[in-house]
Amino acid sequence: MRCRSAFLINTNGFTLAALTAGLLILNGCGAKSWLDQSELSRNQGGRLVVPILTSIDPIDEAETEFVGSQEVRPDDLKVVATDYVISRNDLINVSVFDLVNGGVESVKTTRVSETGTLSVPGMPDPVKAAGLTEADLQKSIVQAYRESGILQKAQVSVQVVEARGRTFNITGAVQRAGQYVILESDFRLLNAIIQAGGETYPSDYLYVIRKTNSEKPVASPTTQPEKRPTTNPTVDPLAPRSEAVHARPIFAVEEPTKPTAEPAKPPTAAPASDERRFIFLEGKPTLVDSKTGEPVTQPAVDLPRIPTSQPTTPTDITISQPAYEFGSSLGQDETRVIRVPYKELRNGDLRYNIVIRANDMIIIPLPTQGFYYMGGHFQQPGVFNLTGQHITLKQAVISAHMLDGYAIPKKTDVIRRIGADREVFVRVDLERIFEGRQPDVFLKANDVVQVGTDWYPPFLAAIRGAFRLTYGFGFLYDRNYAPQQKIQ
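Residues numbered from 1 in each chain as written. Predicted model: local features only at pLDDT ≥ 70, side-chain atom pairs only at ≥ 80, totals over all residues. Heavy atoms only, no water.

Explain the sheet that holds strand E3 (residues 105–111) to me, and be specific about the residues and the numbers.
Taken together, 3 strands build an open sheet; the order of strands is E3-E2-E6 and the sheet is antiparallel. Among the strands making up the open sheet, the edge pair consists of E3 and strand E6 (155–162). Neighbouring strand axes in the sheet, compared pairwise and without regard to direction, differ in orientation by 20 degrees on average. The pairing of strand E2 (residues 91–97) with E6 spans 7 bridges and is classified as antiparallel. When the sheet's bridge partners are listed, Ser95 is paired in E6 with Ser157. (Pairing = 2+ DSSP bridges. Helix = DSSP H or I, 4+ residues; strand = E, 2+ residues; numbered from the N terminus. Axes fitted to C-alpha atoms, helices over the stretch in contact; angles between N-to-C directions.)

This is the structure in structure tokens:
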């Protein structure tokens, strides 16, 4: 910056050379002006590489977008080529030969139920389908025909027409959000985005929500029921009952047996009777006479403990113990959120082009909607739009036409919301940020940038205004102080 002084002096010989030299020394040439504390510039040149922060207070400011997300693993890039496992609501085409007449093909197209069963032509009961492949289901149907005696050597063909268990969902900043079919085993993230019409907003990151249970192999379901013996075969379910007892269902309870070395002690309060049993009367076990069905008047002591692990009925109990199967609602699915740097993937880094698996949910975040607020000693304070942009603090200061003459850059506060009803105040130094000695920070929606002042900037502004500082260093002398001239 050139230093020059323009003087306008009157004819009386008033000179201001001494004052001019003093101000030149105080102001300095090539340095920041001490008269203007709001000046933001670098004193020295050189190349600087300074990071830009995404948070201003790492201690109190928490990441609100997909907390607990994980980075891409090497296993996410591996292709697992396996046969398709039938799921609930799949549309299945079943064809059976020689079911009605010789050489006639019976075809039925139906969906797998929510419980995982499938209705088969000519079979009174449905067969289990969920968790099986097409080949396994075909063998299961042939075995069902053989066991039912309908066809000993059935020729069955099974085809999955609509595979609901081989789909993925995509939403967010895409052209056509919805549910799509995974076309092949090597179906990757870029293929899924192209199938949805491409993205509408180039987000830096996208997220894949994956159910980890779906990645594990599913065993064939167990359909064989387990029969357990009766708990009290000596009890006659047709024994006579009174009207009070007949109004409620009767559950016979087996009295506990004791080792032969210790003979069983009869109940002290119960009548001596060899034909008695316990029933549930009004929700309580009651000792009744097996012949008459009337409850015993005196309460029985040492009532036998009713087992809670299994129900007890007078008849045989058939209990089925199904194993965990594909699409079952038993238990809560374990989910994993994969954080994919989409910016690097768009630039050709295929390390993040992960394989899309069944039931994956792809979310491309929409642009942030909101505003930021510039207040205090700016040339043009106000409200500014932040939609779909990454605005830094330096850019926001420039958008507000820099600081005014009363601003103190070191007294800058960034106020950020960290919850529904909390906000954090962080003091930053704009002078150090513009000089590259302190990292810049990205602004977020509802951020407030406030620049304060001190007691001395008004006096410095008065000095600058008194001498009418112009380009470089110069001032104009007011001719109103000159002696009056005679008008000729």
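Outline the packing of aromatic side chains, supporting the account with residue identities and numerical values.
All told, the structure shown has 6 aromatic pairs when counted by the stated rule. Plain terms: the ring middles of Phe66 and Tyr207 are 4.2 Å apart, the flat faces sit at 20 degrees to each other, and that makes the pair stacked. Remark: Tyr207 occurs in strand E9 (residues 205–211) and Phe66 occurs in the loop between strand E1 (52–53) and E2; sequence separation between them is 141 residues. Judged by its relative accessible area of 26%, Phe66 is partly exposed. Since its relative accessible area comes to 2%, Tyr207 is described here as buried. Measuring from centroid to centroid gives 6.3 Å for Trp455 and Phe459, while their planes differ by 65 degrees, and the two rings are edge-to-face. For Phe459, a relative accessible area of 56% translates into the label exposed. An aromatic cluster of three or more residues is present, and its members are Phe168, Tyr180 and Phe187. If you follow Arg166 out to its NZ or CZ, it ends over the ring of Tyr84, 4.8 Å from the centre. Across from the ring centre of Tyr205, 3.7 Å away, lies the NZ or CZ of Arg339, which sits over that ring. (Phe/Tyr/Trp six-rings, centres within 6.5 Å; stacked < 30°, edge-to-face > 60°. Buried < 20%, exposed > 50% of the residue type's maximum accessible area, 1.4 Å probe, protein only. Lys NZ or Arg CZ within 6 Å of the ring centre and 35° of its normal.)

Report on the side chain of Thr110, specifying residues and quantitative values.
Along the chain, Thr110 falls in strand E3. Taking the relative accessible area as the measure of exposure, Thr110 reaches 19% and is therefore buried. If we ignore the near neighbours within four places in the chain, the residues touching Thr110 are Asp90, Leu91, Ile92, Leu118 and Ser119. (Contact = heavy atoms within 4.5 Å.)

Which residues make up helix H2 (residues 134–148), and what are the values?
Over its 15 residues, H2 runs 21 Å from end to end, which matches the ideal 21 Å to within 8%, given 1.5 Å per residue. Within H2, the full set of buried residues consists of Leu137, Ile141, Val142, Ala144 and Tyr145. Projected onto a plane normal to the axis of H2, the buried residues spread over an arc of 160 degrees and lie on a single side. Turned more than 90 degrees from where H2 packs its buried face, Lys139 and Glu147 sit exposed. Buried positions along H2 lie against E2, strand E4 (117–118), strand E5 (127–128) and E6. A positive backbone phi angle near 80 degrees is found at Gly149, which sits one or two residues after H2. (Expected span 1.5 Å × (residues − 1). Arc of directions from axis to C-beta.)

Which residues make up the environment of Val355, and what values do they have?
Following the sequence through the fold, Val355 ends up in the loop between helix H5 (342–346) and strand E15 (361–364). Judged by relative accessible area, which is 1%, Val355 ranks as buried. With 163 residues separating them along the chain, Val355 and Ala192 place their C-alpha atoms 9.7 Å apart. Excluding its chain neighbours within four sequence positions, the residues that come into contact with Val355 are Asp76, Leu77, Lys78, Val79, Ser185, Phe187, Arg188, Arg210 and Asp360.

Go over the pattern of salt bridges, please, and point to the residues and values.
Overall, the coordinates contain 15 salt bridges when judged by the stated rule. Salt bridges sharing partners connect three or more residues here, namely Asp76, Arg210, Arg336 and Asp360. (Salt bridge = Lys/Arg side-chain N within 4 Å of Asp/Glu carboxyl O.)

How would you explain unusual backbone geometry if you had to name every residue and give the values?
Positive phi is not limited to glycine here, since Asn89 has a value of about 65 degrees. For Asn89, the location among the structural elements is in the loop between E1 and E2. Positive phi, close to 70 degrees, is recorded for Asn359, a residue that is not glycine. One can find Asn359 in the loop between H5 and E15.

An account of the side chain of Asp90 is requested, with residue identities and associated values reported.
Of note, Asp90 is situated in the loop between E1 and E2. Buried within the structure, Asp90 lacks any salt-bridge partner; Arg164 is the closest side chain of opposite charge, at an N-O distance of 6.2 Å. At a separation of 3.4 Å, a polar atom in the side chain of Asp90 contacts the main-chain amide nitrogen of Gly165. In this structure Asp90 touches Tyr84, Thr110, Arg111, Val112, Glu162, Ala163, Arg164 and Gly165, once residues within four positions along its chain are discounted. (Lys, Arg positive; Asp, Glu negative; His and termini not counted. Polar contact = N/O pair within 3.5 Å; in protein donor to acceptor, adjacent residues only side chain to side chain.)

Could you give me a rundown of the nonpolar core, with the residues and numbers involved?
Counting 26 residues, the largest nonpolar core has Tyr372, Met374, Phe378, Leu393, Val397, Leu403 and Leu430 as its most contacted members. Listed by contribution, the elements that provide at least two residues to this core are strand E16 (371–376), helix H6 (393–399), strand E19 (423–428), helix H7 (430–434) and strand E21 (448–451). Of all hydrophobic cores here, the second largest spans 24 residues; its members include Val112, Val120, Tyr145 and Ala163. (Core = buried A, V, L, I, M, F, W, Y, C linked by side-chain atoms within 4.5 Å.)

Give me the lowdown on helix H8 (residues 457–466), citing residues and values where you can.
All of the buried residues along H8 are Pro457, Leu460, Ala461 and Arg464. End-on view of H8: buried residues confined to an arc of 100 degrees, all on one side of the axis. What points out from H8, more than 90 degrees from its buried face, is the exposed set Phe459 and Ala466.

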